[in-house]
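Spelled out, the chains give:
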Amino acid sequence: MKALWLQRLTCCGNTHSFLNYEGLEYLFSRFEYFYHPSLSLESEEEVVERFLKEDFDLLLVEGAVRRDDVVLKELSKRARFVVAVGSCAVYGNIPALSDPEVCGLNYRFKERDGLLEDPEVINLPGCPAHPYWIAHTIFLLMQGKKPELDQLGRPKDFYSSLTHWGCTRNEYFEWKVDAEELGSERGCLFYHFGCRGPLSYSSCNRILWNGVSSKTRAGTPCFGCTEYDFPRRGLWETRQYAGIPAELPIGVSKRGYIMLSGIAKMFAPERLKNEG
Amino acid sequence: MKVKSINLERVEGTARLELVWKDGFIEDARVSFPYTRGIERVLKDRPYMDALVITPRVCGICGHAHLIACVRALEKAMGIEPTLKASLVRNITQSFEILQNHIKWFYLFILPEFLQDSNGLRKLYEPFKGRRWFLAIRQAAQAVKAIALFSGQWPHSSYAVPGGITSNPKPSDLAQLEAITHQIRDFFLKQVVGLEEEELRRFLEGGSLSLLKGDLGLFLEFAHKEGLFRAGRAYNRLLSGGELYNPSGFYCKKTYHGRIKPSALQELTPPSYSTVSPLRYRSFPYETGPLSRQLLSGNRFIKNLHREYGDSFMVRVVARVLEIWHILSRIEEGTKRLYECLHEPSTSLKKPPHVKRAYGYAFVEAARGTLMHEVEIEEGLIKRYRIITPSQWNLGPRCERFLGVAERAIVGLESERQAMLVLRSFDLCSVCTTR
Ligand code: SF4
């Protein structure tokens, strides 16, 4: 497989996330050719020029793009698969917030109004994307298989379950024992600290970060960085109306939430309620 | 006169170097960065806590330093301090971020550049193929795993909050931390300097450079061959804001001066070729980074080296690589102290309070040098946010009186290769420079 990784408006965080992948040596041994601008020895100009003239397998883009990026448009026609690595390349993310000419590959936030009308890009959002999402997508593509995607072009394998799945605070969520303050391994962060775990799709809490943890496990709310509305305003707050969160876990009705949380609170086991 | 413009490879982001040649020497050099992402603008009018999530996204390799700078600036604005436990943990995570950065910089950016012509060696360090290239990356991944034990993930964590940290470490986390520290220490001794611990200690007491083996020894051999022991000097003005393991201060004209005052920082108008403002301290350009830190903290070995060779390419690189060892020792000390205070609360504040009106700034040490964040809050919202990065000091452009630091270090060199290497010794980070 011949692959080209290019960077646009980026912090390079996806590159550094990717470098944490423990199977890196094996992965690279399976490439016939791999180019990365901050790791390879060749010059980007020469490599791009070459690839504009020949078909290749995989184009990976990291970073938000400008609407006038002709090179990416042309390269995307030459590549068999195009992958947007990280939320900037997928939705535009932070760089697009202050510049209307900046967008993602297929999308600009939730509109399908990005740089490329086609092909359909494989989107790996996340700020940054998890190394598994990047590496395991590549492995699949190496076999010539395109992963099954959701409506936003994200592989279902990684983005069909909520970040909430596998969080160590699930039991607290269940019994509605909310964290009243930061800095504890106890309590759920949904009610007071804006946790987006039940509103975002990602496998962070199933596969963990750096092999050891995740934001919510470390007591930080999930900020929903795999979704198009990241970074929302008020990232550490839960907007509420009359004591009910303005946004409820995906698919949960207001009535259901009120009834269940009433009962859960009433019967919550003491061991969960006692701090410490 | 010949002018050549080069797009630089193997940098964080995108950067350009323009060289003006005359009689076989570089007569002028311009370093520039084409893009900006407008992060400071995005912060305006947001709740101040949002800055803890957005500022780390300035940089994928030193984002943690941005987080710490941000939380310190907020704490100063609120007039609060973190608990001892939290500040020890923060120092440890910040230290590991510096370690991974030093390792990646040396193995991915410096060594491959050097070894391009040396067939046998090139293979070992070749990107995506070389055994040592992978070995270094694995060490860096271990270092950031140590961060994630406390911060949940790396890159881009937001676990530091005003008053402390969001996690509550357990003794078992510290055990894993110790195991990782030991592994990196082992790598440093065996692979980076090729010495036994005792030998290294004796060497640091005043040994000659030729005693160094390992990859640093190899580097010195090549640096010598390329004539870079004394070349690549800038203004010999060095500065650090302190706040990790060294005091705040600056060095110029053979004297040390205490404490950096933010009021003496000047951001001037960019020249036409640059989007970045030249940064001056009391009207002069300064270099920041490991060399400044090691000099200010009184490291005898680096002081001697600097006395002999000045702020040259070789000295800059050696100071940075040897800093790995000093930081490892500090991590070990910090871990010991941390065991003693694990029972303390993780934060001194229960909840982020409403802030009516406040101003705060903080200096923090990132791998590449001093980073400053400055924040003004009004009715809980960010009114103004300013970031000054290490790369802005080192790679920023010229003003009317002085060339930028890196530009100055390149002028007078004899080859493009030398110019590239010298530029790399500052560690190009365009993403930080331009934000
Ligand atoms: S902290 Fe967030 S992810 Fe964890 S259980 Fe609560 S809502 Fe779910």
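In this text the structure is predicted, and so the values were computed from the model without any measurement.

1. Points about the overall build of chain A
Here is step 1: Secondary structure summary: chain A contains 12 helices and 9 strands in total.
Here is step 2: A compact globule built from 276 residues should have a C-alpha radius of gyration of about 19 Å, and chain A, at 21 Å, falls within 12% of that.
Here is step 3: Oriented by its inertia axes, the alpha-carbon framework of chain A measures out at about 70 × 40 × 30 Å.
Here is step 4: With 276 residues in all, chain A has 62% of them scored as buried.
Here is step 5: Sequence separation of at least 24 residues holds for 66% of the intrachain contacts in chain A that already meet a minimum separation of 6.
Here is step 6: Total accessible area computed for chain A in this model is approximately 11,200 Å², and 51% of it derives from carbon and sulfur atoms.

2. A word on the sheet that holds strand β3 (residues 25–32) of chain B
Hydrogen bonds along the backbone pair up the strands of a sheet, which may run parallel or antiparallel.
Residue and element names in this part refer to chain B.
Here is step 1: The strand order across the open sheet built from 3 strands is β1-β2-β3, with neighbouring strands paired in antiparallel fashion. Looking at which strands have only one partner, the edges of the open sheet turn out to be β1 (2–7) and β3. Direction aside, the axes of adjacent strands within the sheet are offset by 20° on average.
Here is step 2: Relative to strand β2 (residues 16–22), β1 runs antiparallel, the two being bridged by 6 bridges. In the strand pairing of β2, V3 is matched with V20.

3. Examining the domain arrangement of chain A
Bring the parts together and some accessible area is lost; that lost area is often taken as the interface size.
Residues and elements named next belong to chain A.
Here is step 1: According to the domain assignment, chain A consists of domain 1 (2–155) and domain 2 (161–276).
Here is step 2: The C-alpha-based centres of domain 1 and domain 2 are spaced at 31 Å.
Here is step 3: With 19 residues of domain 1 at the contact, the number on the domain 2 side is 14 residues.
Here is step 4: In this assembly, domain 1 packs against domain 2 so that about 1,300 Å² is buried in total across both faces, 64% of it on carbon and sulfur atoms.
Here is step 5: One salt bridge in this structure joins E227 and R154, with 3.2 Å as the shortest N-O distance.
Here is step 6: Between the two partners, domain 1 and domain 2, sit 6 residue pairs in polar contact (both at pLDDT 80 or more).
Here is step 7: Within the residue set of the side of domain 1 that touches domain 2, elements represented by two or more residues are α5 (87–91), α6 (93–97) and α7 (131–142).

4. A few points about the pairing of strand β7 (residues 249–252) of chain B
Residue and element names in this part refer to chain B.
Here is step 1: Of the two faces of β7, the one holding G249 and Y251 and the one holding F250 and C252 are both buried throughout.
Here is step 2: As paired elements, strand β6 (residues 238–240) and β7 share 3 bridges and run antiparallel to each other. Counted as the bridge partner of S240 is G249 from β7.
Here is step 3: Of the pairings in the sheet, the one linking β7 to strand β8 (residues 255–258) comprises 4 bridges and is antiparallel in character. Counterpart to C252 in the pairing with β8 is T255.
Here is step 4: Between β7 and β8, which follow one another and run antiparallel, lie 2 residues, and K253 among them has a positive phi close to 45°.

5. Some points on the interface of chain A and chain B
Here is step 1: Tallying the contact residues gives 58 residues for chain A and 65 residues for chain B.
Here is step 2: Scanning the region where chain A abuts chain B turns up 3 salt bridges.
Here is step 3: Across the salt bridge formed by K350(B) and E181(A), the nearest N and O atoms sit 3.2 Å from each other.
Here is step 4: Counting the contacts that link chain A with chain B gives 23 residue pairs in polar contact (both at pLDDT 80 or more).
Here is step 5: Among the elements of the structure, α1 (13–18), α2 (24–29), β2 (33–35), α3 (44–51) and α6 of chain A are those that each provide at least two residues to the side of chain A that touches chain B.
Here is step 6: Among the residues making up the side of chain A that touches chain B, the classes are represented as 27 nonpolar, 20 polar and 11 charged.

6. Examining a nonpolar patch on the surface
Here is step 1: Residues I263(A), M266(A) and F267(A) make up a contiguous nonpolar surface patch of roughly 350 Å² in combined accessible area.
Here is step 2: For F267(A), a relative accessible area of 55% corresponds to the exposed category.

7. Quick word on the packing of aromatic side chains
Residues and elements named next belong to chain B.
Here is step 1: Applying the stated criterion across every chain yields a total of 37 aromatic pairs over all chains.
Here is step 2: Between the aromatic rings of F106 and Y107, the centroid separation amounts to 5.3 Å while the plane-to-plane angle is 85°, which identifies the pairing as edge-to-face. Neither F106 nor Y107 differs from the other in exposure class; each is buried.
Here is step 3: Here F250 and Y281 contribute two aromatic rings whose centre-to-centre distance is 5.2 Å and whose plane-to-plane angle is 65°, an arrangement assigned as edge-to-face. Residue F250 is located in strand β7, and its partner Y281 is located in strand β10 (residues 279–281); the two are separated by 31 residues in the primary sequence. Accessibility assignment for this pair places F250 and Y281 in one class, buried.

8. As for the sheet that holds strand β11 (residues 287–288) of chain B
Here is step 1: Taken together, the 4 strands give an open sheet; going across it, the order is β8-β7-β6-β11 (chain B), and neighbouring strands pair in mixed fashion. At either end of the open sheet lies a strand with only one pairing partner, and these are β8 and β11 of chain B.

9. Remarks on unusual backbone geometry
Peptide bonds are, in most cases, trans, and in most cases residues other than glycine have a negative phi.
Here is step 1: Backbone torsion omega between F230(A) and P231(A) reads -10°, so that peptide bond is classified as cis.
Here is step 2: Mapped onto the fold, P231(A) is located in the loop between α10 (204–207) and β8 (240–241).
Here is step 3: Between W154(B) and P155(B) the backbone carries a cis peptide bond, its omega angle lying at 5°.
Here is step 4: Its location among the elements puts P155(B) in the loop between α6 (131–151) and β4 (160–161).
Here is step 5: One non-glycine residue with positive phi stands out, namely F128(B), at about 65°.
Here is step 6: Topologically, F128(B) is positioned in the loop between α5 (119–125) and α6.
Here is step 7: Overall, F128(B) belongs to the buried group, its relative accessible area being 11%.

So, how was this worked out
- Residues numbered from 1 in each chain as written.
- Chains lettered and ligands numbered in written order.
- Predicted model: local features only at pLDDT ≥ 70, side-chain atom pairs only at ≥ 80, totals over all residues.
- Heavy atoms only, no water.
- Helix = DSSP H or I, 4+ residues; strand = E, 2+ residues; numbered from the N terminus.
- Rg over C-alpha atoms; globule rule 2.2 N^0.38 Å.
- Buried < 20%, exposed > 50% of the residue type's maximum accessible area, 1.4 Å probe, protein only.
- Contact = heavy atoms within 4.5 Å.
- Areas by Shrake-Rupley, 256 points an atom, 1.4 Å probe, with all protein chains shown as cover.
- Pairing = 2+ DSSP bridges.
- Axes fitted to C-alpha atoms, helices over the stretch in contact; angles between N-to-C directions.
- Domains from an automatic or database assignment.
- Buried area = accessible area lost by both parts, 1.4 Å probe.
- Salt bridge = Lys/Arg side-chain N within 4 Å of Asp/Glu carboxyl O.
- Polar contact = N/O pair within 3.5 Å; in protein donor to acceptor, adjacent residues only side chain to side chain.
- Nonpolar A, V, L, I, M, F, W, Y, C, P; charged D, E, K, R; others polar.
- Patch = residues over 30% accessible without salt bridge, like charges linked within 9 Å, V, L, I, M, F, W, Y side chains within 5 Å.
- Phe/Tyr/Trp six-rings, centres within 6.5 Å; stacked < 30°, edge-to-face > 60°.

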